[in-house]
Amino acid sequence: MSSANDIVLFHKQDITPDSFAAPAERKLSGPCQQSVEMHYSDPTGQFHAGLWSGGVGAWRVKYTECEFCTLLEGHVRMHGDDGSMVEIVAGQHFVIPAGFEGVWEVIEPAKKTFAVFEEDRLARKD
């Protein structure tokens, strides 16, 4: 299992196709209004991406693949089940590793871009 300490902040030029993923979510607190305003699926099936936005609240999350994100607006915290925590503010790029389990907490209304590369595409790279 990955912890919040494994969430990697990175510079945009460091993005590679070897990461990305979609979480299973469960409301924990607050109104937790959220939406995916835009979703793009690459016609070749190599990846999908979107723009997520959410209000103040907290969700239980579990990532099965890596996800590359950029927080465009707001302030969020990722709390690992092991007690670790990472704060992310607008303008930061970050990777949430496969295996991360914990809580996604929105402190100020937030908007993030995300991208997930399909696992079979990564397997075909070999």
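Refer to the structure presented above.
Reading guide: rules and limits
- Residues numbered from 1 in each chain as written.
- Predicted model: local features only at pLDDT ≥ 70, side-chain atom pairs only at ≥ 80, totals over all residues.
- Heavy atoms only, no water.
- Core = buried A, V, L, I, M, F, W, Y, C linked by side-chain atoms within 4.5 Å.
- Buried < 20%, exposed > 50% of the residue type's maximum accessible area, 1.4 Å probe, protein only.
- Helix = DSSP H or I, 4+ residues; strand = E, 2+ residues; numbered from the N terminus.
- Phe/Tyr/Trp six-rings, centres within 6.5 Å; stacked < 30°, edge-to-face > 60°.
- Lys NZ or Arg CZ within 6 Å of the ring centre and 35° of its normal.

Chemist: I would appreciate a short explanation of the nonpolar core in the present structure.
Modeler: Nonpolar side chains tend to gather and get buried jointly when the protein is soluble and globular. Counting 18 residues, the largest nonpolar core has Met78 and Trp104 as its most contacted members. Elements supplying a minimum of two residues to this core: β5 (57-63), β6 (67-80), β7 (85-89), β8 (93-96) and β9 (101-117). Here this core takes five residues from β9, the largest share from any one element.

Chemist: Would you mind going over the packing of aromatic side chains with me for this structure?
Modeler: Tallying each qualifying case throughout the model produces three aromatic pairs. Between the aromatic rings of Trp52 and Trp59, the centroid separation amounts to 5.9 Å while the plane-to-plane angle is 80°, which identifies the pairing as edge-to-face. Overall, Trp59 belongs to the buried group, its relative accessible area being 3%. With a centroid separation of 5.6 Å and 85° between ring planes, the pair formed by Trp52 and Trp104 is classed as edge-to-face. Of this pair, Trp52 sits in strand β4 (residues 47-54) while Trp104 is found in strand β9, placing the two residues 52 residues apart along the sequence. Every member of this aromatic cluster is reached through a ring pair, and the members are Trp52, Trp59 and Trp104. Taking the ring centre of Trp52 as reference, the NZ or CZ of Lys112 above it sits at 6.0 Å.

Note that every value here comes from positions in space, so none of it alone points to a role or purpose.
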